[in-house]
Structure formats: structure tokens, C-alpha cells
Amino acid sequence: QVQLVESGGGSVRAGDSLRISCAVSGRTFLTLAVGWFRQAPGKERELVAAISYTDDIIKYADSVKDRFIISRENAKTTVDLQMKRLKPGDTATYYCVAGRGIFAITRNVPEYWGQGTQGTVSS
């Protein structure tokens, strides 16, 4: 079993930065790609970023390219999403996800989901 626990959400002003983290536990994590989804009120869930297990493939939503960076530490037990130059449109609940191969995440069918952390950006 894989457990994903997000942290670091909060409320910030437009133009500010925020970093959210995901603590990963479970032996099967070593076989999984990871990423982040987000869902805003009244909107469908969308992929924000994803990274393959070997870190050789990284994907970003067009709306966050050049502003967000996904990364993880050497042990691959923590996944971070660094969010810069935040906009009100970035307000959403952010979910850490994991799947068997990055394609499972980019196809919107990751196997594992965290409970989410709220990010609010005021104008």
C-alpha cells in the first residue's frame, strides 16, 4: 500500500510563492511515478505536474509552465511542488498522486491519491 500525505498549503497574495510537499510511504513507491492534480470549485480536476520514477520525464500543465517546479529528494520519500508567481486562478485543492508509470498520471488514472491540501490565492 502507498500512502500520500500533503502539507504546506495556505493562503497567499497574487504574485507570491508557495511550496507544497507530499510525504510518501509504502514499499511500492519505488515502482511508481508521482505528480500533482488540482481541483478548483466548480471545475474539473486537472493535471498540474508529473514526474517519472527515474526523473527522466517531467510534464507540466500549460497554465503553470515556467511558474511551477516538481521535484523530489534523493530518497524519493518527499515530492515537492514549488509554485511561483501565483495567480487567483491557481486557487484549488492540490492532490498528490502516484501511479504505475507516468502515463497512468497523464491519462488521469493514477492509482493512489492523497487527501489534498488547499491553496488559496487572493488578488
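Structure first, text after, so check above.
A brief structural summary. (Residues numbered from 1 in each chain as written. Predicted model: local features only at pLDDT ≥ 70, side-chain atom pairs only at ≥ 80, totals over all residues. Heavy atoms only, no water.)

As for unusual backbone geometry
Non-glycine residue Lys76 carries a positive phi angle of around 60°. We classify Lys76 as buried; its relative accessible area is 14%. (Buried < 20%, exposed > 50% of the residue type's maximum accessible area, 1.4 Å probe, protein only.)

With respect to the side chain of Arg67
Structurally, Arg67 is set in the loop between β6 (58-60) and β7 (68-72). The class for Arg67 is buried, based on a relative accessible area of 5%. Within the structure, the side chain of Arg67 is placed 3.0 Å from the backbone oxygen of Arg85, a separation counted as a polar contact. The contacts of Arg67, once residues within four sequence positions are left out, are Gln82, Met83, Lys84, Arg85, Leu86, Lys87 and Asp90. (Helix = DSSP H or I, 4+ residues; strand = E, 2+ residues; numbered from the N terminus. Polar contact = N/O pair within 3.5 Å; in protein donor to acceptor, adjacent residues only side chain to side chain. Contact = heavy atoms within 4.5 Å.)

Looking at the pairing of strand β5 (residues 46-51)
With five bridges joining them, strand β4 (residues 33-39) and β5 adopt antiparallel strand pairing. The partner of Trp36 across the bridge, within β5, is Ala49. Linking β4 to β5, which pair antiparallel, is a turn of six residues; within it Gly42 sits at a positive phi near 75°. Bridge count for β5 against β6 is three bridges, and the pairing is antiparallel. For Ala50, the partnering residue across the bridge sits in β6 and is Lys59. (Pairing = 2+ DSSP bridges.)

Examining the packing of aromatic side chains
One pair of aromatic rings is described through two measures. These are the centre distance and the angle between the planes. Counting across every chain of the model gives two aromatic pairs. Seen from their ring centres, Phe37 and Trp113 are 5.2 Å apart, and the 45° between their planes marks the pair as tilted. You can see Phe37 sitting in strand β4 and its partner Trp113 sitting in strand β10 (residues 112-113), a full 76 residues away along the chain. Judged by centre distance (6.0 Å) and plane angle (75°), the rings of Tyr95 and Trp113 are edge-to-face. Taken as a pair, Tyr95 in strand β9 (residues 92-99) and Trp113 in strand β10 lie far apart in primary sequence, 18 residues in all. Members of the aromatic cluster, connected to one another through ring pairs, are Phe37, Tyr95 and Trp113. Positioned above the aromatic ring of Trp113 is the side chain of Arg45, whose terminal nitrogen or guanidinium carbon lies 4.2 Å from the ring centre. When the ring centre of Tyr53 is taken as origin, the NZ or CZ atom of Lys76, which lies over that ring, is 5.2 Å away. (Phe/Tyr/Trp six-rings, centres within 6.5 Å; stacked < 30°, edge-to-face > 60°. Lys NZ or Arg CZ within 6 Å of the ring centre and 35° of its normal.)

Describing the nonpolar core
Counting residues in each nonpolar core, the largest one holds 26 residues, and the members touching the most others are Trp36, Val48, Phe68, Leu81, Met83 and Tyr94. Sorting the residues of this core by element identifies β3 (18-25), β4, β5, β7, β8 (78-83) and β9 as the ones contributing at least two each. When residues no more than four places from it in sequence are discounted, the contact partners of Leu81 are Leu18, Arg19, Ile20, Trp36, Val48, Ala49, Phe68, Ile69, Ile70 and Tyr94. Ala33, Phe37, Ile102 and Ile105 belong to the second largest nonpolar core, which has six residues in total. (Core = buried A, V, L, I, M, F, W, Y, C linked by side-chain atoms within 4.5 Å.)

Here's the deal with the side chain of Thr93
You can see Thr93 is positioned in strand β9. Judged by its relative accessible area of 19%, Thr93 falls in the buried class. A polar atom in the side chain of Thr93 sits 2.8 Å from the side chain of Gln118. Leaving out residues up to four positions away in the same chain, Thr93 has contacts with Phe37, Arg38, Gln39, Gly116, Thr117 and Gln118.

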